[in-house]
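Each chain, written out:
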Amino acid sequence: MNNEGPAANGGLHLIPFRGLRYVPERVGSLAAVTSPPYDVIVRPDGLHHLESADPHNIVRLILPQATTAEDRHSQAARTLSRWLSDGILAADDKPALYVYEQRKGDVLQRGVIGALALTEPSDGVVLPHEDVMPDIVADRAALMRTTAANLEPLLLTYRSTGNAVGATAVIERTIQRSPLLSTTTEDGFSHRLWCVTDAGELAEIHDDLGRHQAMIADGHHRWATYLRLRGEHPSPSPWNYGLVLLIDTTRYPLQVRAIHRLLRRLPVADALSGLAGSFRVRHLDVPLTQALDALAEAVAEGNAFLLAGDGRFHLVDRPDAGLLNRTVPVGRPEAWRTLDATVLHSTLLEHIWQIPDAPEHITYIHDAEAAATQAERVDGTAVLMHPVQEEIVRKLAIAGVTMPRKSTSFGPKPATGLVLRSLTLD
């Protein structure tokens, strides 16, 4: 993750695989069949938009729609099988690692996609930084088990010395070649993908990554899913590996954004009434951008949140110190105890509002405007968060301390649908 040296069990072990990719001649456009990761899609609007973009949009595999969970997963498996039979998707001839680039303005990200050997957090090779929700892991496991496929890569980060050697050197050479595919999605990001099959270059990447450990930037639930499914299959097995994108953040830093909460059954008026005497509350009749600026200023002095859902914004800050001492769990590092996400879940959700962390009560939304809009639509409360600093995330991960679930959103995230991994081909 930095230059801490090789992890205890030999570092990262990334192997090539035969990628499943859309056949360009069989779809309207590559951009029209891609999607954000499953947990970023704002439902139902974003889901319907993707479904209407192209009849073969990858959302039909990652978020299939049916009455029951079993029907959804079976439907995804049938859809994947049909697309393979019809030539919509096809496997590459040779196992490969894939160099992936996305760019928008000043934002440039390059990394390597491959099948990564799975390890437990205690091994110190791949470090999580967030807790997971068991129901989501169970759902993703059922979908992956039924389709026998890794449908979208996790986003993992590591840190090199910054020199153009090893994996970095291979990436820099590879991008001088003609890509396998190139497309621009409607969010303005351009995407390019290359394959690496040369034995010498694969060895360069292998030897370099074997000296590093990684942090999960995006995909904690899918990593937990990988580990669960590995336990269901005797070793050696393709299920011992999972599809990931590895980014060297020394060369290509990621952006860290917040993930917001929609409290579906808590009107704003009720949320505010419960804060009397415990937090300072200021009402802001300003646009969202200015309200978020005010949140950023307040966070610089301590825990702060922005509530929305009634047509206004309400800045909540300066929590009572005694309340925090009573409600925030002890025995954790101070950096964890003072996180906004920790205070939100321990003090606000559990103690003051008494809201269970269940899907029918809380929806996690990556976009602040979408969260506020949804809150108004359902007469609920959106809790808008400020991003946590990446260095805090990294230090806690190295210390083996996980943050509350959905505390961070690293990006840009890889587009889903550019390359898939079938567990029946490895």
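This one's a predicted model, so the numbers in the text were calculated from it and none came from an experiment.

Draft legend 1. Here's a closer look at the layout of surface pockets. Taken as a whole, the largest pocket encloses approximately 1,200 Å³ of empty space. As for the largest pocket, its lining consists of 42 residues, and the residues nearest its centre are Pro36, Val40, Asp187, His366 and Asp367. Of all the secondary structure elements, the ones that give two or more residues to the lining of the largest pocket are helix H1 (30–33), helix H2 (45–53), strand S13 (255–257), helix H10 (288–299), helix H14 (368–378) and strand S20 (409–411). Here the lining of the largest pocket takes 4 residues from H2, the largest share from any one element. Grouping the amino acids of the lining of the largest pocket by side-chain chemistry returns 23 nonpolar, 14 polar and 5 charged. What lines the second largest pocket is a set of 33 residues, and nearest its centre among them are Arg43, Leu63, Ile136, Pro359 and Thr363. The set of elements that each furnish at least two residues to the lining of the second largest pocket consists of helix H4 (69–85), helix H5 (134–147), strand S18 (362–365) and H14. Top contributing element to the lining of the second largest pocket by residue count: H5, with 5 residues.

Draft legend 2. Just the sheet that holds strand S17 (residues 313–317), in detail. Pairing is antiparallel in the open sheet, where 6 strands are placed in the order S15-S17-S16-S19-S14-S18. Taken across any chain shown, the strands that pair with only one partner, and hence form the sheet edges, are strand S15 (280–284) and S18. For this sheet the average axis-to-axis angle between neighbouring strands, irrespective of direction, equals 25°. Across 4 bridges, strand S14 (residues 260–263) lies against S18 in antiparallel orientation. The partner of leucine 262 across the bridge, within S18, is threonine 363. Contacting S15, strand S16 (304–308), S17 and strand S19 (381–384), H10 crosses the sheet at an angle of about 155° to S16. In the packing of helix H13 (residues 340–352) onto the sheet, the strands contacted are S14, S16, S18 and S19, and the crossing angle to S16 comes to about 65°.

Draft legend 3. Here's a closer look at the nonpolar core. Counting residues in each nonpolar core, the largest one holds 115 residues, and the members touching the most others are Trp223 and Trp353. Per element, the largest residue contribution to this core is 6 residues, and it comes from H13. The residues contacting tryptophan 353, other than those within four sequence positions of it, are Leu263, Leu266, Ala271, Leu275, Leu307, Leu344, Leu348 and Val383. The next biggest cluster of nonpolar side chains, apart from the first, holds 21 residues, and it includes Leu262, Leu306, Ala308 and Leu384.

Draft legend 4. Quick look at the sheet that holds strand S3 (residues 89–91). Read from one edge of the open sheet, 4 strands run S3-S2-S21-S7, paired in antiparallel fashion. Edge positions in the sheet fall to S3 and strand S7 (149–150), since each of these pairs with one other strand and no more. Across 3 bridges, the pairing between strand S2 (residues 19–22) and S3 is antiparallel. By the bridge assignment, leucine 20 is partnered in S3 with alanine 91. With respect to the sheet, H4 is in contact with S2, S3 and S7, its orientation differing from that of S3 by roughly 75°.

Draft legend 5. Representation of the packing of aromatic side chains. Under the defined criterion, the tally for this structure stands at 3 aromatic pairs. Ring plane angle 50° and centroid distance 6.2 Å describe the contact between tyrosine 22 and tryptophan 83, whose orientation is recorded as tilted. Remark: tryptophan 83 occurs in helix H4 and tyrosine 22 occurs in strand S2; sequence separation between them is 61 residues. Between the aromatic rings of tryptophan 223 and tyrosine 226, the centroid separation amounts to 6.2 Å while the plane-to-plane angle is 65°, which identifies the pairing as edge-to-face. Of this pair, tryptophan 223 and tyrosine 226 both sit in helix H8 (residues 220–232), 3 residues apart, which is roughly one turn of that helix. Considered together, tryptophan 223 and tyrosine 226 belong to a single accessibility category, that of buried residues.

Draft legend 6. Quick peek at the pairing of strand S10 (residues 190–196). Judged from the 7 bridges that link them, strand S4 (residues 97–104) and S10 form a sheet pairing that is antiparallel. For arginine 103, the partnering residue across the bridge sits in S10 and is serine 190. As paired elements, strand S9 (residues 181–184) and S10 share 4 bridges and run antiparallel to each other. What sits directly across from leucine 181, in S10, is leucine 193.

Draft legend 7. Quick look at the pattern of salt bridges. What the rule picks out here adds up to 25 salt bridges. In this structure, the salt-bridge partner of glutamate 120 is arginine 230, at a minimum N-O distance of 2.9 Å. Placement of glutamate 120 in the loop between strand S5 (107–117) and strand S6 (126–127) and of arginine 230 in helix H8 is noted, with a sequence separation of 110 residues between them. When its relative accessible area of 33% is taken as the criterion, glutamate 120 is described as partly exposed. A relative accessible area of 22% places arginine 230 in the partly exposed class.

Draft legend 8. Broad picture of the packing of H5 against H8. Direction vectors running N to C along H5 and H8 enclose 60°, while the axes themselves pass 9 Å from each other. Considered as vectors, H5 and H8 are oriented oblique to each other. The handedness of the crossing between H5 and H8 is right-handed. Across from Ile136, Val137, Ala138, Arg140, Ala141, Met144 and Arg145 in H5, the residues of H8 making contact are His221, Ala224, Thr225, Tyr226, Arg228, Leu229 and Glu232.

Cut-off values and rules
Residues numbered from 1 in each chain as written. Predicted model: local features only at pLDDT ≥ 70, side-chain atom pairs only at ≥ 80, totals over all residues. Heavy atoms only, no water. 1 Å grid on protein atoms, 1.4 Å probe; cavity = no way out; pocket = protein on both sides within 12 Å on 5 of 7 lines; lining within 4 Å. Points joined across faces, edges and corners; volume = space filled by probe spheres on them. Helix = DSSP H or I, 4+ residues; strand = E, 2+ residues; numbered from the N terminus. Nonpolar A, V, L, I, M, F, W, Y, C, P; charged D, E, K, R; others polar. Pairing = 2+ DSSP bridges. Axes fitted to C-alpha atoms, helices over the stretch in contact; angles between N-to-C directions. Contact = heavy atoms within 4.5 Å. Core = buried A, V, L, I, M, F, W, Y, C linked by side-chain atoms within 4.5 Å. Buried < 20%, exposed > 50% of the residue type's maximum accessible area, 1.4 Å probe, protein only. Phe/Tyr/Trp six-rings, centres within 6.5 Å; stacked < 30°, edge-to-face > 60°. Salt bridge = Lys/Arg side-chain N within 4 Å of Asp/Glu carboxyl O. Parallel < 35°, antiparallel > 145°, perpendicular 65-115°, else oblique. Left-handed = near helix turned anticlockwise from the far one by under 90°.

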